[in-house]
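A closer look at the structure
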Amino acid sequence: MALTTYVEAIKQGIWEEMESDERVFVLGEDVGIYGGAFKVTAGMLEKFGELRVIDTPISESAIVGAAIGAALMGMRPVAEMQFADFISCAFDQITNFAAKCRYRWGAGVPIVVRGPSGGGVHGGPFHSQNPEMYFVHTPGLKVVCPSTAYDAKGLIKAAIRDPDPVIYFEHKFLYRRIKEELPTEDYIVPIGKAAIRRKGTDISVITYGAMVYTALDAAKELEKEGIELEVLDLRSLLPFDKEAVLDSVKRTNKVILLHEDTEIGGFAGELAAVISEEAFEYLDGPIRRITAPNTPVPYSPPLEEFFLPKVADVMRVARELNAY
Amino acid sequence: MKTLNPNVVVRETAQPAVLPPEKTLLDMLYYMQMTRELEFRIERKLYRQGKIVGGVYVGRGQEAIAVGSCIDTLAADVVCPSHRDMGAFLIRGMSVRTILAQYMARKTGATRGRDGNMHMGDMKHNLIAFVSMLGDNVPVAAGIGMSFKMRHEDRVVLCFFGDGATSRGDWHEGINMAAVMKVPVVYICNNNQYAYSTPLERQMAVENVADRAEAYGLPGEIVDGNNVIDVWGAATRAINRARSGQGPTLIECKTFRMTGHSAHDDAGYVPSALFQYWEERDPIARHEKFLIERGLITREGADEVKAGVNREIDAAIQIAENDPFPEPEDCLKDVYYEG
Amino acid sequence: MADTKVIMPQMGESIFEGTITKWLKKTGDHVERDEPLFEISTDKVDSEIPAPASGTVKEILVKEGQTVQINTVVAVIGDGAAKPAEAPAAPAAKPEVKTGPAESKPGVAAGPTDAAPAAKEQARPEPAVHLGERGEQRSSPLVRRIARENNISLNTLAGRGTGINGRITKRDILSFIEQGAPAPASAPAPAAAAPAAPKPAAPAPMTFTGDVERVPMTNMRKSIAEHMVHSRHTSAHVTTFFEVDVTNLLKIREKLKPEFERSGVKLTVTPFFVQAAVTAIKKFPIINSSVDGDAIVYKRAINVGIAVNVESGLIVPVVKHAEEKNLLGIARAINDLGERARTKKLTPDDVRDGTFTITNPGQYGGLIGTPIINQPQVAIMGMGGIKKRAAVIDDAIAIRSMIILSLSFDHRVIDGAAADQFMADVQQQLENWAV
């Protein structure tokens, strides 16, 4: 059976939901005739027609606003941000309108806002960001960050079916690098559930997105030294799988929090707080963070390489923690 | 007709060729009167008695706009009011008690205490709650219209905002997208000439909000916002356009805010001559005069309308005042779907 | 019907106080609900305030010109003809910093003024955090919890930590529990970045469920515990070992014994070791020093402490000015101190001011031990048991009486070379003792 790439998995997920539910439609810049800047929506216009595959003006705020309006009328819009960086333009619609409707007046807003995030592709400051935390800080939203093709498909389907607004961050570095065999039958990956990518006894590395692979590569190396990393892929940040996090920490007693997003206000800080509040007496060493530095994402390859957390960083910190 | 504000021209608009039916004309008086009296109680009584906390914003002097444009909407149509459109809530069927409970932060209010004042909506009445970020409802209305188009439904959307909101990016993005997509939306501007303390000439360099329509390729119409029949006429034309698939319209209703921005603003920055000028063009007095001249109501009948709405309000206040506050723990509920 | 309290309303989100400018009614007047009752002035607006209920003005509590915080009761309206509105409660005005007239300040005032149910003080469940016993041992929250659950004092793991800076790790305490005995002698802490050696799977945490007896420590025990732990934290302990042939020394002792007995002194081997140490210290005064901040303090007196077992623990009486004593003097002093230690007649002065200590881990046949330095000293010598062993002398095997000496020294001030030279000197003296 053929292997499916991460990007193809997202497309399959949307495609299948559009086939099975006529309320589902996509809108965004260049999603129709062009099939999307990364071809996530390629072929959809031909298949589903221009009423359900809508090329919009360059108006991120109006794209999300229109998605909200349609969702209030019972539709299931999937809005594409051409790059996740541009979601800042729609920040107000997402955080003030979509996120607060249910709480204020009981109106659900089942929209999906999706887009390619992340660095490693020399995109520079405006095509490489990890904007998840702006939204993780907004009650009423859900935020997911798949790392595998299986999850990419399962989570986009779960997001489309979810009754609340879901921000779906794809990692563009993984689009065509990651592929796997996918089940033929319909499935979803539940939002809010983490997955253990590697079992280990010594240190838990809690991460998400492309950093899952950084953690796994480090684990492979450290295994030779007798250090067994457990790699926990959060998959969803809001809500996140607290149970899985605490369970892993309670077993290994040492924890590295790893993400590609910058340090201050990054998800690692939240995890560190939860772990120290709820698993303090299981800790056999300090909670360690490995994140990007507090800078914009730089363009030049040596700068970007410096910026992104690397396998060597994980190995260094893991060794320190192991000796602690 | 000239306003005292040199930048604002209120054009004489043609009386609609066809007048609304008698019942509609009388309903208009009722809803305008209800709007005014209800807001009077809210702002001048309940708020000052400490029974309403936070902020209060009213649309005194602007009652004709929501009433004239919403009076003929169908139940299936959708209305996105802004903060000076109380008439829209009343016409769409939200009860006076629910509205008062909303203002008094009660559990029985439209948002069960989660939000206050005009920040209310109800999908039962196809009323979309607005947010404080002005103009945000403009693209939302476009999306609502988009869904009607997608589903081949002949419903329309009415979307309200003030002159100040037209300076926001969301307004421009939303109007542009609505025009590009030819969605069935009627955009209605309450041009009351002040955004908080900022007069129109500091808000925009064009003469009229409606002038902006041309830039986006949709029809713009200017109407005397203090004449409920004129507003009705313009809205009817726009609603018909939208319902027949001809796309959105921008209606600018010239009016004046007869209060401060909110209950705690004495509007000291507004020249008193302007208030005087617009007081003479009070939409309720004008409509009463019209009805009396046409023999549709007597002076006593008109007074009785006012007395009647006050009795309704008294009764509703009695109930709403005794309505419970939400439980403190309700704070935690309904952030997400709870089944 | 109840009275209705009239409050100062919140006229604007940022408003927290208002001034009553005029009362439109006086006490005893009748007022209708919604009829103007008084006028106020705030930072933002001047308003006429309508009565919240109908009735008689019973009390006016705030005079004209007076400024009060919002929600303050300013008047009371008594029974009236009309049904009074429910009395707005006056929640205690929240402390709020007065801000300027600008609307932009965040200090929004108190909550609902009406009969709002006061938000319940929602007692959140207390986090189940118990501070573990806080010994001086560096460990981790996990280790402290395991120690507590297993009723282990972390002090018993003193010096057994294998983590960075001697930190007691999960592995350390689990292996301690598993063995029910001391963990393997402390290895030097691995350098931070050194790859860890493959290690056996950590045993599962064990909880002792059987019967236990819990006995509080005596003061001496606590003091010893503290002292030992303190020393481990203070000094950079290193121990060196020397094997000494004492065959001749024992012969000399036998020879001298009667003579000493005549002076009322029982001669053990210990005085020889004390004297050898004193002589060597004179050549290597660093052994007789202390660390004081950034300084090394050399002591002129050589006061040698001798560790003595007593019933309740361990005590270290001091032979003062050993450098001024000959073998007999030293032996006499040791006899005297030992006797008084056993009979609990030592004075505080007897255990003070030691500059070097000798201990005797071989007393019960032990080969040797690694003693802990007696702070603030910087070295301690251990004497193993004396045993006859096969020794090689000039390529021939001979039966000799041998002892192993250890010297634990503080590497902060004593380097291995100095320590070993000192010990070599002691060895040299003992093996070549001249009467």
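Residues numbered from 1 in each chain as written. Chains lettered and ligands numbered in written order. Predicted model: local features only at pLDDT ≥ 70, side-chain atom pairs only at ≥ 80, totals over all residues.

**Some points on the overall build of chain C**
- Across its full length, chain C carries 7 helices and 19 strands.
- For chain C, with 435 residues in total, the buried portion stands at 34%.
- Summarising the internal contacts of chain C: among those between residues at least 6 apart in sequence, 62% fall at separations of at least 24. (Helix = DSSP H or I, 4+ residues; strand = E, 2+ residues; numbered from the N terminus. Buried ≥ 20, exposed ≤ 12 C-beta atoms within 10 Å, placed from the backbone. Contact = placed C-beta atoms within 7 Å.)

**Remarks on the overall build of chain A**
- Within chain A, the secondary structure is distributed over 12 helices and 14 strands.
- In terms of overall size, chain A behaves like a compact globule, its C-alpha atoms giving a radius of gyration of 19 Å where 324 residues would be expected to give roughly 20 Å.
- Dimensions of chain A, computed from C-alpha atoms along their principal axes, come out at roughly 60 × 45 × 40 Å.
- In chain A, which comprises 324 residues, the proportion classed as buried is 61%.
- Sequence-distant contacts in chain A: of pairs separated by 6 or more residues, those separated by 24 or more amount to 79%. (Rg over C-alpha atoms; globule rule 2.2 N^0.38 Å.)

**Here we look at the interface of chain B and chain A**
- Each side of the interface is counted separately: chain B has 34 residues, and chain A has 32 residues.
- At the level of secondary structure, the elements contributing two or more residues to the side of chain B that touches chain A comprise α5 (137-150) and α6 (169-181) of chain B.
- In terms of residue count, α5 of chain B provides more of the side of chain B that touches chain A than any other element does, 9 residues in total.
- Counted by class, the side of chain B that touches chain A contains 19 nonpolar, 8 polar and 7 charged residues. (Nonpolar A, V, L, I, M, F, W, Y, C, P; charged D, E, K, R; others polar.)

**Overview of the sheet that holds strand β12 (residues 236-238) of chain A**
Residues and elements named next belong to chain A.
- If you walk across this open sheet you meet the 7 strands as β3-β2-β4-β5-β7-β6-β12, and the pairing is mixed. The sheet terminates laterally at β3 (53-55) and β12, the two strands that pair on one side only. Put simply, the sheet's adjacent strands are angled 20° from each other on average, direction ignored.
- Bridge count between strand β2 (residues 24-28) and β3: 3 bridges; the pairing is parallel. Note on β3: the bridge partner recorded for Leu27 is Ile54. (Pairing = 2+ DSSP bridges. Axes fitted to C-alpha atoms, helices over the stretch in contact; angles between N-to-C directions.)

**Topic: the nonpolar core**
- With 245 residues, the main nonpolar core has Cys80, Ala142, Cys159, Val186 and Ile251 of chain B as its most contacted residues.
- In this view, Cys80 of chain B contacts Ile128, Phe130, Asn137, Val140, Ala141, Val157, Leu158, Cys159 and Phe160 of chain B; residues no more than four positions away in its chain are not counted. (Core = buried A, V, L, I, M, F, W, Y, C linked by C-beta atoms within 7 Å.)

**Here we look at the domain arrangement of chain C**
Residues and elements named next belong to chain C.
- Looking at the assigned domains, one finds that chain C contains domain 1 (4-78), domain 2 (129-190 + 198-209) and domain 3 (220-431).
- Domain 2 puts 6 residues into the contact, and the matching count from domain 3 is 6 residues.
- Considering only residue class, the side of domain 2 that touches domain 3 consists of 1 nonpolar, 4 polar and 1 charged. (Domains from an automatic or database assignment.)

**Quick notes on α5 of chain B**
All names here are of chain B.
- For α5, which comprises 14 residues, the first-to-last C-alpha distance of 20 Å matches the rise-based estimate of 20 Å (1.5 Å per residue) to within 8%.
- Among the 14 residues that make up α5, 13 are buried, leaving the element largely enclosed by the rest of the structure.
- In the segment just after α5, His152 is the residue with positive phi, at about 55°. (Expected span 1.5 Å × (residues − 1).)

**Here we look at unusual backbone geometry**
- Between Leu238 of chain A and Pro239 of chain A the backbone carries a cis peptide bond, its omega angle lying at -5°.
- Along the chain, the position of Pro239 of chain A falls in the loop between β12 and α9 (242-252).
- Of note, the amide linkage connecting Gln375 of chain C to Pro376 of chain C takes the cis form, showing an omega dihedral of 5°.
- Along the chain, Pro376 of chain C turns up in the loop between β16 (356-359) and β17 (379-383).
- We note that Gln193 of chain B has phi near 75°; this positive angle belongs to a residue other than glycine.
- Under the C-beta neighbour-count criterion, Gln193 of chain B is labelled buried, with 23 such atoms within 10 Å.
- Look at Asp353 of chain C: it is not a glycine, yet its phi comes out positive at around 65°.

**Comments concerning the domain arrangement of chain A**
Residues and elements named next belong to chain A.
- What the domain assignment lists for chain A is domain 1 (4-180) and domain 2 (195-323).
- The C-alpha centroid of domain 2 is placed 27 Å from the C-alpha centroid of domain 1.
- For the side of domain 1 that touches domain 2, the secondary structure elements donating two or more residues are α6 (132-136), β6 (142-144) and α7 (149-161).
- In the side of domain 1 that touches domain 2, the residues fall into 11 nonpolar, 10 polar and 3 charged.

**Some words on the sheet that holds strand β6 (residues 220-224) of chain B**
Residue and element names in this part refer to chain B.
- Ordered by their spatial adjacency, 5 strands build an open sheet running β1-β2-β3-β7-β6, and the pairing between neighbours is parallel. Every interior strand has two partners, whereas the edge strands, β1 (78-80) and β6, have only one. Each adjacent strand pair in this sheet contributes to an overall mean axis angle of 20°, direction not counted.
- Pairing of strand β2 (residues 157-162) with strand β3 (residues 185-191), which is carried by 6 bridges, proceeds in the parallel orientation. Across the sheet, Phe160 pairs through a bridge with Ile188, a residue of β3.
- Each of β3, β6 and β7 (249-254) is contacted by helix α8 (residues 228-243), which is oriented at about 170° to β7, the strand it contacts most.

**Overview of the environment of Asp72 of chain B**
Residues and elements named next belong to chain B.
- Along the chain, Asp72 falls in the loop between α2 (63-70) and β1.
- Measuring from C-alpha to C-alpha, the distance between Asp72 and Cys253 comes to 17 Å, with 181 residues separating the pair along the chain.
- Discounting residues that sit within four places of it in the chain, Asp72 has contacts with Thr24 and Thr236.

**As for the environment of Thr24 of chain B**
All names here are of chain B.
- Here Thr24 shows up in helix α1 (residues 22-46).
- Taking the C-beta count within 10 Å as the criterion, Thr24 has 15 such neighbours and is therefore assigned partly exposed.
- As a C-alpha pair, Thr24 and Lys51 span 27 residues in sequence and 34 Å in three-dimensional space.
- Once you skip the residues sitting within four places of it in the chain, Thr24 turns out to touch Ile71 and Asp72.

**Points about the packing of helix α1 (residues 6-20) of chain A against α7 of chain A**
All names here are of chain A.
- Contact pair α1 / α7: the axes reach a minimum separation of 8 Å and the direction vectors enclose 30°. One way to sum up the angle between α1 and α7 is to call them roughly parallel. When the axes of α1 and α7 are compared, the crossing they make is right-handed. Contacts between α1 and α7 involve Tyr6, Ala9, Ile10, Gln12, Gly13, Ile14, Glu16 and Glu17 from the first element and Ala149, Ala152, Lys153, Ile156, Lys157 and Ile160 from the second.
- By residue class, the composition of the contact of α1 with α7 is 8 nonpolar, 2 polar and 4 charged. (Parallel < 35°, antiparallel > 145°, perpendicular 65-115°, else oblique. Left-handed = near helix turned anticlockwise from the far one by under 90°.)

**What about the confidence of the model for chain C?**
Residues and elements named next belong to chain C.
- On average, residues of chain C score 79 in pLDDT, and 80% of them reach the 70 mark or higher.
- Confidence drops under a pLDDT of 50 for residues 81-120, and excluding neighbours within four residues, the segment shows 86 contacts in the predicted structure.
- Low pLDDT, under 50, characterises residues 181-203; the predicted model gives this stretch 39 contacts beyond four residues in sequence or across chains.
- If you check the scores for this complex, the pTM reads 0.71 and the ipTM reads 0.94. (pLDDT = per-residue confidence, 0-100.)

**Section: the pairing of β7 of chain B**
Residue and element names in this part refer to chain B.
- The buried fraction of β7 amounts to 6 of the 6 residues, a majority that puts the element mostly inside the structure.
- Every second residue of β7 is oriented toward a common face, with Thr249, Ile251 and Cys253 on one face and Leu250, Glu252 and Lys254 on the other, all of them buried.
- Both β3 and β7 contribute to a ladder of 6 bridges, which runs parallel. Among the inter-strand pairings, Tyr187 is bridged to a residue of β7, identified as Leu250.

**A look at α8 of chain B**
- Its 16 residues give α8 of chain B an end-to-end C-alpha distance of 22 Å, which sits within 8% of 22 Å, the value for a rise of 1.5 Å per residue.
- Where the residues of α8 of chain B are buried, they touch α1, α2, β3, β6, β7 and α10 (283-293) of chain B.

**Structural notes on the packing of α1 of chain B against α2 of chain B**
Residue and element names in this part refer to chain B.
- Closest axis-to-axis distance for the α1/α2 pair is 9 Å, and the angle between their directions is 140°. With respect to each other, α1 and α2 are oriented oblique. As α1 runs across α2, the sense of the crossing is right-handed. From α1, Met28, Tyr31, Met32, Thr35 and Arg36 reach across to α2, where they touch Glu63, Ala64, Val67 and Gly68.
- The residue inventory of the contact of α1 with α2, partitioned by class, reads 5 nonpolar, 2 polar and 2 charged.

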